[in-house]
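# Chain and residue survey
Now for the letters of each chain:
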Amino acid sequence: MAGYVVRRLLTAVPVLFGVTLITFLLMHFTAGNYVPGLQLDPNLKPSDIARIRANLGLDRPLIVQYLDWIGIGALFKAVGLAGVLGGSHNIDPGILEGNFGRSLIDGSPVLASVLGRLPNTLELTATAIVVGLALAVPVGVVSALRRGSRLDQFLTAASVAGFAVPQFWLGLLLILLFSVEFHAWGLPWLPSSGAVSPLGGGGVVDRLQHLALPATVLAFFYLSSWSRFVRSSMIETLSQDYVRTARAKGMSERRTVYVHALRNAVAPLVTLIGLELPGLVSGALVVEVVFGWPGIGLLAFQRALQYDYTTVMGITTFAAVLVVLGNLLADVLYAVIDPRVRYS
Amino acid sequence: MIDSEPLPRGAMASLPAGSVRPGRGFWRESWDELRSNRAGMASAAVLCLLVAIALAAPAVSAVVTHYGPTQQDLGHAFEGPSRLHWLGTDELGRDTLTRLVYGARVSLGVGFLTVAIALTVGAAVGLLSGYYVGLLDDVLMRVVDVVLSVPPVFLYILMSILFRPNAITLAVIIASIGWAGLARLVRSEVLSLRSRDFIVATRSLGARDARLILRHVLPNALPVMIVAASLGLGQVVLIEAALDFLGLGIQAPTPSWGDMLSNAQVYFVHSTWLVVLPGSLIFLTVLAANVLGNAVRDAFDPRLRRF
């Protein structure tokens, strides 16, 4: 087991390097030679601009800037090799030391902004995943047990439709119905934006009311895809020899299905949910924008519109690290559940 | 409760020769199978209709609605359906029907172009990677891993700011991520093909790599590519619409369904129509593409082939 984990960890390292390289190059081509306002200031001579750029370390070779950004610079400094990096400027800690850069707009550390928004995003996505899962398993099992029935056909059609609904449109329709029309009809209505009411909000009921609509949109999406998965997995499991054996022994149908088959049918879901872990952070972007949910996605979107490249890059790198770790975790969990994986 | 089980692999060989259907060839058989799939054919018809409407958009604007897609009529803003404006108007008095028709050009145009680019790049990488294995394969597949590791939303956002996209750059942006999954798929197919007897035999006859790849490996990897491409179209239309909605896709005043929804979001207390109509069209397009994609998969995927 330990060997398997180590092997998977080693393959994750080059991927993480590649991810930081892509984000760095994109940042460089987007904004690399740009320091806000410099070129526009008539009082600055070209030599001043060059000096400021040199102070910021922007005159160094690209590769050196990259190494500095990911934090190898500090490593060099620690072992007395800072001269290799050139320049007398102060070397900031890099990503390896947990510094994801500073905002171009207000200079605040990106990691702090992200961590500040993280609880809201987790609240939304975790709720959606739990609700989606709680519905997907029974729906998938019922479909599988009554394969070909009217109910199965209906659920299949619903899931195909659910897959084709744009999340932002579903969100708008829910707002239209539950916030606008319910309000107009004098019914109890749900808030359409934000995570808490601006005045006197923050109680449990208030938070749940705000959570209801965006979580529904996300959960609907998870339900559509996972219920299909549970259905086909269950159908496959029910045709296995050990299920036939259980039936032949005279075991009750209920016990056969819910104890023997279900556990094995649902196990591969772990991988799917593991693949959603990065979605915990990024998958909700569109939904967060529609509902003004103050999460990481909305932060990235707003900062992008303000050309705050460094913040967007920091968030992207942060999310990419989570993707790699999420995949790793899913693989390891799956290896725990299914011992065959470890030895292949 | 006992289902009829599919024949185990190799069962064909043990059947008496006369009981096997005369071979019609893979393509003929797949095509017949696809044509017998009613939901798939209905979806294909819907898609063809949408394509026809998109192509005929200027004609529809000139002959049917008599309004241009960006023609404003401030005196008639937020109107419901009428004889002048069949599907009403938006906040600037622009004719909704005309804009919806033009919006089809964006959704379908970007959709097909993206799939074409992603498929070309993905297939090329997958073929090279799977055929030559070794160092090239390692490098290319690590690149694929990296592309698939960055949450795509953020890359779309970054590149959209960088390029201020028109239809073509938008397709390139979406395809710049979409190719990776296709490459992985094609590669695994090629890996299983390259050691088959017919490839080994052709190589032993002296066929060069280029000929082997293009004439022998590629045609056999084609079904997988067709399936992946048709399943990808719906996804791309959804992504494109979402980017338009976020204001990161096609720039106003070019009408697109996502952009219309984004405007409607501001004004939807005035007009429910403006929310319902563009969204329904996105939904319909994606639904048709997905159902057709499923039908194509059932018909063309050799691994699902029922004997």
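For the structure, see preceding data.
As the structure is a computational prediction, the values presented were derived from the model and not from experiment.

## Describing the overall build of chain A
The helix and strand tally for chain A stands at 16 helices and zero strands. Across the 344 residues of chain A, 35% fall into the buried class.

## Structural notes on the overall build of chain B
When its secondary structure is counted, chain B shows 12 helices and zero strands. Along chain B, helices (α) and strands (β) appear in the sequence α-α-α-α-α-α-α-α-α-α-α-α when read from the amino end. Overall, the C-alpha framework of chain B stretches about 75 × 45 × 40 Å when taken along its three principal axes. Taken over 307 residues, chain B has a buried fraction of 42%. Long-range pairs, those at least 24 residues apart, make up 70% of the contacts in chain B with a sequence separation of at least 6.

## A short note on the interface of chain A and chain B
Taken together, the contact between chain A and chain B spans 37 residues of the former and 32 residues of the latter. Of all the secondary structure elements, the ones that give two or more residues to the side of chain A that touches chain B are helix H1 (2–31), helix H6 (150–164), helix H7 (167–184), helix H13 (285–290), helix H14 (296–305) and helix H15 (309–337) of chain A. Here the side of chain A that touches chain B takes eight residues from H1 of chain A, the largest share from any one element. Within the side of chain A that touches chain B, the residues separate by chemical class into 32 nonpolar, five polar and no charged.

## Examining the environment of Leu 212 of chain B
By the secondary structure assignment, Leu 212 of chain B is in helix H10 (residues 209–245). Other than its neighbours up to four places away in sequence, Leu 212 of chain B contacts Ile 199, Thr 202, Arg 203, Ala 207 and Val 217 of chain B.

## Side note on the nonpolar core
Judged by nonpolar contacts, the single largest core of 146 residues is most densely connected at Leu 218, Ala 300 and Ile 315 of chain A together with Phe 154 and Ile 157 of chain B. Among the elements that make up this core, the one with the highest residue count is H10 of chain B (17 residues). Discounting chain neighbours no more than four positions away, the residues touching Ala 300 of chain A are Leu 285, Val 312 and Ile 315 of chain A together with Phe 154 and Ile 157 of chain B.

## Let's talk about the packing of H14 of chain A against H15 of chain A
A pair of packed helices can be characterised by two numbers: the angle between their axes and the separation between those axes. Residues and elements named next belong to chain A. Axis separation between H14 and H15 bottoms out at 8 Å; the angle between their running directions is 150 degrees. Considered as vectors, H14 and H15 are oriented roughly antiparallel to each other. Here H14 runs over H15; the crossing is left-handed. Every residue of H15 that contacts H14 at Ile 296, Leu 299, Ala 300, Arg 303 and Ala 304 is listed here: Thr 311, Val 312 and Ile 315. In terms of residue class, the contact of H14 with H15 is built from six nonpolar, one polar and one charged.

## Topic: helix H8 (residues 167–194) of chain B
Structurally, the α-helix is built with 3.6 residues per turn, so residues lying three or four positions apart point the same way. For H8 of chain B, spanning 28 residues, the distance from its first C-alpha to its last is 38 Å, which sits close to the expected 40 Å at 1.5 Å a residue. Of all the bends in H8 of chain B, the greatest, near 35 degrees, is centred on Ser 176 of chain B.

## A short note on unusual backbone geometry
All names here are of chain B. Phi at Val 133 is positive, roughly 35 degrees, even though this residue is not glycine. Relative to the helices and strands, Val 133 resides in the loop between helix H5 (96–132) and helix H6 (134–149). Judged by the 15 C-beta atoms lying within 10 Å of it, Val 133 falls in the partly exposed class.

## Focus on the packing of H6 of chain B against H8 of chain B
Residue and element names in this part refer to chain B. Put simply, H6 and H8 touch, their axes get as near as 9 Å, and they point 130 degrees apart. As summarised for this structure, H6 and H8 are arranged oblique, according to the angle between their axes. Both H6 and H8 take part in a crossing whose hand is left-handed. Together, Val 144, Val 147 and Leu 148 of H6 and Ile 177, Ala 180, Gly 181, Ala 183 and Arg 184 of H8 make up the contact between the two elements. Considering only residue class, the contact of H6 with H8 consists of six nonpolar, one polar and one charged.

Criteria and thresholds
- Residue indices follow the written sequence of each chain, beginning from 1 at its first position.
- Numbering of ligands from 1 and lettering of chains from A proceed in the order in which they are written.
- Thresholds applied to this predicted model are a pLDDT of at least 70 for local features of residues and 80 or more for the giving and counting of side-chain atom pairs; totals over whole chains, interfaces and linings are not thresholded and use all residues.
- Helix numbers and strand numbers start at the N terminus; a helix is a DSSP run of H or I with at least 4 residues, a strand a run of E with at least 2.
- Partly exposed residues are those falling between the two cut-offs: more than 12 but fewer than 20 other C-beta atoms within 10 Å of their own, whereas 20 or more means buried and 12 or fewer means exposed, with C-beta atoms placed from the backbone.
- By the criterion used throughout, residues are in contact when their C-beta atoms, derived from the backbone, lie within 7 Å.
- For this classification, the nonpolar set comprises Ala, Val, Leu, Ile, Met, Phe, Trp, Tyr, Cys and Pro, the charged set comprises Asp, Glu, Lys and Arg, and every other residue, Gly included, is treated as polar.
- Take the buried Ala, Val, Leu, Ile, Met, Phe, Trp, Tyr and Cys residues, join any whose C-beta atoms are within 7 Å, and the set you get is a nonpolar core.
- Only C-alpha atoms enter the line fits that serve as axes; for helices the fit covers just the stretch in contact. Angles between N-to-C directions range over 0 to 180 degrees.
- Roughly parallel means an angle under 35 degrees; roughly antiparallel, over 145; roughly perpendicular, 65 to 115; everything else is oblique.
- Less than a right angle of anticlockwise turn of the near helix away from the far helix marks a crossing as left-handed, whereas a clockwise turn marks it as right-handed.
- Multiplying 1.5 Å by the helix residue count minus one yields the expected span of that helix.
- Bend at a given residue is defined as the angle between two axes, one fitted to the seven residues that end at that position and one fitted to the seven that begin there.

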